[in-house]
Structure formats: structure tokens, C-alpha cells
Amino acid sequence: MLFLEVPQDIKWRVVSADSAVDDPSAVLSPDELARMESFGHADRRRGFAFGRIAARSLLAERLDVAPVDVPLAVASDDGLFVEGHPIHVSISHAGHAAHGQSIAVIADRPIGVDLEEIVPRRDDLYRRILHPDEYSLLETLGLDHNEAQILLWSLKEAVLKGLRTGFRRSAQTVRLDDLSDGKGHAHMDDGPSWNLRYTRREDFWITLAFLD
Ligand SMILES: CC(C)(COP(=O)(O)OP(=O)(O)OC[C@H]1O[C@@H](n2cnc3c(N)ncnc32)[C@H](O)[C@@H]1OP(=O)(O)O)[C@@H](O)C(=O)NCCC(=O)NCCS
């Protein structure tokens, strides 16, 4: 069990080099294979393949079709959608080389997922995403500074992916609240609150944001 208490429609899958996965050429669509080949860096190619394999295998189970036949497509906002089905999908990648991994989530509601490797980052990273009123979160989580700022970054990124704006919207407009024991909320002035979940898996934070 990766996350505490999520609604039953939410399913996730992590794919890494340790996973027993099918050959991408047997799972990805022709467009996805072409896109994968266009990436210059091996990490990006691997992450892209792992993310699509994770999403397609989850959706294949849900739709009862072969993974390669899942009508997974890229929307004009660069997020994903499933043609003809009201299923929400989110993917995230992190890590390098053999340490690289991807996660996909599917749900019947808007959802965003983020995966961040816990590696040393500049000490003031948090200033780019937190509103000054949120700086106290860095202490109240009971984590070391770097772990805390990466977690807070990841939670906001998960919300921004659920909103489908990504960082086109300022992360400071998303305000984190009630964070403890792997759960919390995010509020904003112009929309409903998001439910948050977070968990640590090895050296990675995995965060999830979803609407009621
Ligand atoms: C969405 C965004 C936060 C993802 O950042 P990232 O560093 O690629 O992080 P992740 O690995 O967690 O997520 C990648 C996945 O996000 C998804 N994604 C891309 N744009 C998205 C959007 N607008 N909404 C939801 N999901 C999106 C894609 O499925 C992508 O995976 P894929 O490339 O394998 O298809 C970032 O691309 C963004 O802010 N985009 C919008 C603004 C922009 O283009 N800014 C330039 C850089 S700031």
C-alpha cells in the first residue's frame, strides 16, 4: 500500500528498472515510440517509456483491452487524456540511470501525481514555490530542511498537474494546509480544495493531489 486512504477509483503503478515490464515496442503506440526516440537523453527515453507502460497497463486493466490498444493521447495542455473515456491520468518521472522510475495514476476525478528524488538542492529552493505565510511548514513537518522543501515542492507540483496548468500557474497561489501523517489539503482562491497524500519510497517523495 503506497498511499493511506485513497478513494477506490484511484489506482497507481510505479515502474522502475527492477520492474518486470514488457518491451516498450509491444506496449507504446506508434506516436509514443516516435516521441520516445526523439528524446536525446537516455533518462528521458527510459522515463517516458516507464510512465507510458505504467499508465497503459493500469488503463488496460480498467478498460479490458491490450495495453497497446489503450486510446491514451496528449491534450493541447500537454497533459494526458483517454479518448472516449472520462478517466483522468497523470504521470511523473524522476531519478537517473538504473535509479530512474516513473509513476502513473488513474482516477475518475481530476488527479495529479509527482515523483521527486530526495537529493541535495539549494537551501532556498522553497522560496520559489512557498508563499511567505507557508515558510513555517518547513519546521512543522519534522523533516530535515532539504527533505521538507522537496516534499512541499512536490505537493504543489502534484496540484498544478491536477489543475493541468503545470507551472504556467504560480505555485504560490496554491496554499498547503493540515500536512501530517501522509495527508493534507491544498487551497486556492479560485477553485475547490484538493486532497493531498504523500509517502516516501526509498529516496523519492511520491505525492498525489485529487478532488473530492
Ligand atoms: C507539467 C509540469 C509541471 C511537469 O514537469 P516535469 O518536470 O516534466 O515533471 P514530471 O516528470 O512530474 O511530469 C511529466 C509529465 O507531466 C505531464 N504533463 C505535462 N504537461 C502537463 C499539464 N499541463 N498538466 C498535467 N500534466 C502534464 C506529462 O504526461 C509528462 O509526462 P510525459 O512527458 O512522459 O508525457 C511542467 O512540464 C510544466 O509546468 N509545464 C507547463 C508549463 C511549461 O511548459 N513550463 C516550462 C517549464 S517551467
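## Quick word on the sheet that holds strand S8 (residues 183-188)
Then comes step 1: Strand order in the open sheet made by the five strands is S6-S10-S9-S8-S7, with antiparallel pairing throughout. Strand pairing shows two members of the sheet lacking a second neighbour, strand S6 (111-117) and strand S7 (175-180), which therefore form its edges. Each strand axis lies, on average, 20° off the axis of its neighbour in the sheet, ignoring direction.
Then comes step 2: Pairing analysis gives four bridges linking S7 to S8, with the strands arranged antiparallel. Within S8, the residue paired with Arg175 across the bridge is His187.
Then comes step 3: Contacts between helix H5 (residues 145-163) and the sheet are confined to S6, S7, S8, strand S9 (191-201) and strand S10 (204-210), with S6 contributing the most and set at about 150° to the helix.

## Examining the site of the ligand
Then comes step 1: Surrounding the ligand, one finds 18 residues, the nearest of these being Asp78, Gly79, Ser92, Gly166 and Phe167.
Then comes step 2: Taken together, the elements giving at least two residues each to the shell around the ligand come down to helix H3 (42-63), strand S4 (88-94) and H5.
Then comes step 3: Across the shell around the ligand, the residue classes tally to five nonpolar, six polar and seven charged.
Then comes step 4: Each of two domains, domain 1 (1-109) and domain 2 (117-212), supplies a minimum of three residues to the shell around the ligand.

## Quick look at the nonpolar core
When a protein is soluble and globular, its nonpolar side chains tend to lie buried together.
Then comes step 1: Counting 52 residues, the largest nonpolar core has Ala55, Ala104, Val105, Ile106, Leu155, Val159 and Ala209 as its most contacted members.
Then comes step 2: Only strand S1 (11-16), H3, S4, strand S5 (101-107), S6, H5, S9 and S10 provide two or more residues apiece to this core.
Then comes step 3: Ranked by residues supplied to this core, first place goes to H5 with nine residues.
Then comes step 4: When residues are assigned to domains, this core turns out to be shared by domain 1 (1-109) and domain 2 (117-212), each giving three or more.
Then comes step 5: Setting aside chain neighbours within four positions, we find Ala104 in contact with Trp12, Arg13, Gly51, Ala54, Ala55, Leu58, Val89 and Ile91.

What counts and what doesn't
Residues numbered from 1 in each chain as written. Predicted model: local features only at pLDDT ≥ 70, side-chain atom pairs only at ≥ 80, totals over all residues. Pairing = 2+ DSSP bridges. Helix = DSSP H or I, 4+ residues; strand = E, 2+ residues; numbered from the N terminus. Axes fitted to C-alpha atoms, helices over the stretch in contact; angles between N-to-C directions. Contact = placed C-beta atoms within 7 Å. Near = placed C-beta within 6 Å. Nonpolar A, V, L, I, M, F, W, Y, C, P; charged D, E, K, R; others polar. Domains from an automatic or database assignment. Core = buried A, V, L, I, M, F, W, Y, C linked by C-beta atoms within 7 Å. Buried ≥ 20, exposed ≤ 12 C-beta atoms within 10 Å, placed from the backbone.

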